[in-house]
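Working through the structure, step by step
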Amino acid sequence: MSCQTVIGVRNLVKTYPGRDGPVHAVRGLDLEVQAGECFGLLGPNGAGKTTTVEILEGLNEPTSGEVEVLGHRWSLDAAYIRQRIGVTLQETRFPEKATVAEMVRLFRSFYDHGLDGAEVLRRVALEAKANAFVETLSGGQQRRLAVALALVGDPELLFLDEPTTGLDPQSRLQLQDVIRELQGRGRTTVLTTHYMDEAERLCDRVAIVDHGQVIALGTPAELIARLGGEHVIEFAIENHGTEVQASEFAGLEGVLKAVERGNGFELTVSEPHRVLPRLISHLEATGRQLGRLTTRHVSLEDVFVALTGRHLRDNQEPASEAQPRTRRPRRVRA
Amino acid sequence: MIPSIRPSLRELYCARLREFYRQPARVFWVYGFPMIMALVLGLAFQNRPPESAAVVVAEGPGSESIVAALSVPEAREGRAGRPGLRVTTRPFAEADRRLRTGREILVIEPRTDGGVVYHYDPTRAEANLARAAVDDVLQRAQGRVDVFEPKDALVQEPGSRYIDFLIPGLIGLNTMGGGLWGIGFFLVNMRIGKLLKRFAATPMPRQDFLLALLGSRLTFLLPDVTVLLLLGRLVFGMPIRGSLLTLAVVVVVGALAFAGIGLLVASRAETTETVSGLMNAVMIPMWLLSGVFFSSERYPAAMQPLIQALPLTQLTSGLRAVILEGVGLESLVPHLLILSAWAIGTFWVALRIFRWS
Ligand SMILES: Nc1ncnc2c1ncn2[C@@H]1O[C@H](COP(=O)(O)OP(=O)(O)O)[C@@H](O)[C@H]1O
Ligand SMILES: [Mg+2]
């Protein structure tokens with residue numbers, strides 16, 4: 001059971017007809033998800049994550065490519081697959097005047113086999129809200145209700161599309177705890193997110209998706225290790241002009257990579273305790289003042305930046321090393 | 001509940017019922033609003049004997065004798081077939097201006113030869129009545145004798161009043177609103193909230209979803225129709241001459257036609273603006289043309305085929321035939337056929353083009 005393929009996707013393509021020309025949402029995407037793992041699709045807004053999972057959920061038709069879910073094809077065995085998957089959509093507005101327990105009972109009635117309503121609510125920590133109207137739930141509670149409704153059929157395969165997006169940090173953590181609790185029951189989970197820390201916390205393996213393609217695949221640790229070092233030294237020099245170049249620091253012993261970012265520099269290293277003294281003496285020797293200095297662990301965010309030259313989240317400056325950005329119109333989806 | 005019903009159908013049906021009665025605002029629009037409309041219109045258009053008519057005599061030579069003739073008690077009181085008269089005098093120019101601005105209905109201008117000129121707008125029914133009444137009084141005052149003495153047999157039967165006409169119309173209107181709002185608007189809202197898509201991701205039998213929607217719609221018909229029938233019966237003494245079973249058949253077939261239209265307008269619309277626009281495009285012509293508030297026979301003959309093809313026309317005229325005339329099913333076949341055609345046609349198209357996302 002441990003190495004059984006639950007999802008197989010080969011050369012998936014989805015093109016939407018758009019107002020100004022076709023939108024290539026997914027352009028040749030390959031995936032394999034194994035039984036029992038929590039698999040993350042990580043990528044910025046508009047990368048094609050929702051389109052991909054909705055095709056896997058049987059809610060959207062691929063333009064071309066092959067998709068197999070639980071060993072079956074949507075075109076042939078939709079009923080079989082639907083009984084065995086659980087889905088949360090990126091956004092669902094549940095009826096305001098229904099209670100939590102009523103919604104769970106309604107969704108339970110659709111499945112041949114499944115979990116007891118009380119048990120489902122316990123797993124998402126909503127027992128206390130069983131008789132509350134949906135309209136009285138907080139944002140985080142509504143997301144947990146969505147997860148509960150995905151669980152009532154006791155699915156073999158669970159899809160969570162951006163489960164924590166838009167929540168406050170505390171609700172995010174709480175929901176991440178719920179999702180972690182759900183793991184380790186032999187169930188396979190596919191999760192999309194544009195939060196690096198979420199993918200690192202929850203996922204066994206991550207596919208980094210950008211512009212409709214997988215650009216990196218592996219465990220979070222593997223992806224980070226690919227950068228070479230595990231630490232980043234961030235610093236700035238006071239009143240420096242263009243005379244200071246990142247390449248100047250790349251030459252220091254132990255520095256794997258040096259880039260200029262914002263008004264400072266970032267050095268990727270494996271042993272900060274050895275590199276730091278060299279950096280400081282180099283700056284003293286060249287007569288420059290250190291403006292700020294921090295060190296941190298490498299994250300998936302750095303992996304993404306290294307791969308694309310862009311940050312994952314919107315509204316952030318591209319790194320100075322970035323290739324000219326291929327900008328595509330991005331539609332805000334309601 | 002009934003054990004043989006599939007759980008998914010039962011749960012969907014109950015969910016729909018709960019969703020409705022937990023929304024007091026919707027309950028008002030479905031029950032309160034038609035009742036208020038019936039009460040207001042019923043009171044406003046109560047049938048009364050013709051009121052007395054106010055007429056103006058233009059001042060000038062001969063006007064006194066005319067005023068005197070019109071002010072005798074028999075003229076003031078009116079009698080069968082003609083209103084009582086109330087007379088004032090004004091200078092001709094002023095009276096004429098008031099007539100042209102609609103504030104007077106009849107101006108009587110004395111002529112030097114002893115006769116009069118009547119100034120009035122012949123398209124106003126009350127002006128014609130007033131003219132006939134004045135002429136009758138003046139001619140008699142000058143010595144005309146009736147050739148024979150007519151007798152009047154007066155009919156004042158419930159069933160022929162405006163309120164009796166109105167209540168079946170309101171039942172039809174409510175049935176139309178229920179189908180379009182209760183199914184059309186409701187579904188589009190579910191699509192906007194991605195709830196339809198969420199359902200599509202479950203193994204929910206899709207026919208159960210539709211059956212629950214129709215079942216709840218038909219369930220709501222019972223109170224919808226009963227409330228208005230009771231109001232008509234108890235408050236206005238409207239007769240219900242046909243059988244309730246026949247009435248139920250007409251209402252159910254009508255409701256299915258409007259459920260189909262509701263489903264059709266909702267089958268693709270992705271925003272409330274779109275669906276509201278479509279619903280208005282469907283409902284407003286029927287509000288006006290289908291004879292809810294006044295008889296559709298007032299429209300020109302050229303429009304009648306179109307008007308008769310509208311489902312609301314068939315529903316309201318069918319309801320009137322059952323309630324007021326007491327006809328049986330055999331006389332309602334044309335109504336039922338047209339309504340069924342609407343139901344089948346709209347469902348057929350809607351189910352083919354319906355989108356879950
Ligand atoms: N129904 C649609 N019609 C047209 N374009 C769409 C549609 N859905 C998504 N897109 C476009 O496809 C791209 C990928 O969207 P999506 O799969 O939602 O990305 P993500 O979930 O990673 O944010 C975006 O550019 C988006 O604007
Ligand atoms: Mg998305």
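Residues numbered from 1 in each chain as written. Chains lettered and ligands numbered in written order. Predicted model: local features only at pLDDT ≥ 70, side-chain atom pairs only at ≥ 80, totals over all residues. Heavy atoms only, no water.

**Comments concerning the overall build of chain B**
Counting its regular elements, chain B contains 14 helices and 4 strands. Taken against the 2.2 N^0.38 rule, which gives 21 Å for 357 residues, the C-alpha radius of gyration of chain B at 28 Å runs more than 25% over that of a compact globule. Taken along the three principal axes of its C-alpha coordinates, chain B extends 95 × 40 × 40 Å. Scored against the burial criterion, the 357 residues of chain B give a buried share of 47%. Across chain B, every contact between residues at least 6 apart in sequence was considered, and the portion connecting residues at least 24 apart equals 74%. Split by element, the accessible area of chain B, about 18,000 Å² in all, is 64% carbon and sulfur. Of the side-chain charges in chain B, 36 are positive and 28 negative, and the distance between the mean point of each set is 14 Å. (Helix = DSSP H or I, 4+ residues; strand = E, 2+ residues; numbered from the N terminus. Rg over C-alpha atoms; globule rule 2.2 N^0.38 Å. Buried < 20%, exposed > 50% of the residue type's maximum accessible area, 1.4 Å probe, protein only. Contact = heavy atoms within 4.5 Å. Areas by Shrake-Rupley, 256 points an atom, 1.4 Å probe, with all protein chains shown as cover. Lys, Arg positive; Asp, Glu negative; His and termini not counted. Charge placed at Lys NZ, Arg CZ, Asp CG, Glu CD.)

**Considerations on the sheet that holds strand β5 (residues 85-88) of chain A**
Residue and element names in this part refer to chain A. Spatial strand order, β5-β6-β7-β3-β8-β9: 6 strands in an open sheet with mixed pairing. Looking at strand neighbours, the two that pair on one side only are β5 and β9 (213-218), the edges of this open sheet. Each strand of the sheet is rotated relative to its neighbour by a mean of 15°, with strand direction disregarded. Strand direction decides the pairing type here: strand β8 (residues 205-210) and β9, joined by 5 bridges, are antiparallel. Residue pairing in the sheet places Ile208 in a bridge with Ala216 of β9. (Pairing = 2+ DSSP bridges. Axes fitted to C-alpha atoms, helices over the stretch in contact; angles between N-to-C directions.)

**Some points on the interface of chain A and chain B**
Every contact between the two is made by 25 residues of chain A and, on the other side, 23 residues of chain B. A combined buried area of about 2,300 Å² lies between chain A and chain B, and 60% of that area is made up of carbon and sulfur atoms. The largest contributions to the chain A side of the interface with chain B come from A:Arg93, A:Lys97 and A:Phe110, which together make up 26% of the buried area. One can count 4 salt bridges joining chain A with chain B. Across the salt bridge formed by A:Glu54 and B:Lys197, the nearest N and O atoms sit 2.7 Å from each other. (Buried area = accessible area lost by both parts, 1.4 Å probe. Salt bridge = Lys/Arg side-chain N within 4 Å of Asp/Glu carboxyl O.)

**Regarding the sheet that holds strand β10 (residues 231-237) of chain A**
All names here are of chain A. With respect to topology, 4 strands assemble into an open sheet ordered β11-β12-β10-β13, the strand pairing being antiparallel. Bordering the open sheet on either side are β11 (255-261) and β13 (290-297), each of which pairs with just one other strand. Mean inter-strand twist for the sheet, computed between neighbouring axes without regard to direction, equals 20°. As defined by bridge partners, β11 adjoins strand β12 (residues 264-269) across 6 bridges and the pair is classed as antiparallel. The residue bridging Val259 from the neighbouring strand is Glu266, located in β12.

**Section: the coordination of the magnesium ion (ligand 2)**
Residues and elements named next belong to chain A. Taken together, the protein ligands of the magnesium ion (ligand 2) are Thr50 (OG1) and Gln90 (OE1), with distances of 1.9 to 2.2 Å. Taken together, the residues span a long stretch of sequence, with Thr50 in helix α1 (residues 49-56) and Gln90 in the loop between β5 and α3 (100-108) at a distance of 40 residues. Given the relative accessible area of 30%, Gln90 is considered partly exposed. (Donors = N, O, S within 2.8 Å, 3.2 Å for Na, K, Ca; no water.)

**Things to note about the confidence of the model for chain A**
Scored by pLDDT, chain A comes out at a mean of 87, with 91% of its residues at no less than 70. Considering each helix and strand of chain A separately, the mean pLDDT is smallest for helix α11 (residues 300-308) of chain A, with a value of 80, and largest for α3(A), with 97. (pLDDT = per-residue confidence, 0-100.)

**Quick notes on the side chain of B:Arg22**
Take B:Arg22: it is sitting in the loop between α1 (7-21) and α2 (24-44). The buried category is assigned to B:Arg22, whose relative accessible area is 19%. A polar side-chain atom of B:Arg22 sits 2.8 Å from a polar atom in the side chain of A:Glu102. In contact with B:Arg22, not counting residues within four places along its chain, are A:Lys97, A:Ala98, A:Thr99, A:Glu102 and A:Phe133. (Polar contact = N/O pair within 3.5 Å; in protein donor to acceptor, adjacent residues only side chain to side chain.)

**Considerations on the pattern of salt bridges**
All names here are of chain A. For the structure shown, the criterion picks out 37 salt bridges over all chains. Between Glu248 and Arg288 there is a salt bridge; the shortest N-O distance is 2.8 Å. Placement of the pair is Glu248 in helix α9 (residues 247-250) and Arg288 in the loop between α10 (272-285) and β13, with a sequence separation of 40 residues. Residue Glu248 is classed as partly exposed on the basis of its relative accessible area of 24%. For Arg261, the salt bridge goes to Glu266, with nearest N and O atoms at 3.1 Å. Considered together, Arg261 and Glu266 belong to a single accessibility category, that of buried residues. Shared partners join several salt bridges into a network, and the residues in it are Glu234, Arg261, Glu266, Arg296 and Asp302.

**Quick word on the side chain of B:Arg198**
Inspection of the secondary structure puts B:Arg198 in helix α8 (residues 195-200). For the buried B:Arg198, which has no salt bridge, the nearest side chain bearing the opposite charge is A:Glu57, at an N-O separation of 8.1 Å. Beyond its immediate chain neighbours, meaning those up to four positions away, B:Arg198 contacts A:Val87, A:Leu89, A:Thr92, A:Phe94, A:Phe107, A:Leu149 and A:Ala150.

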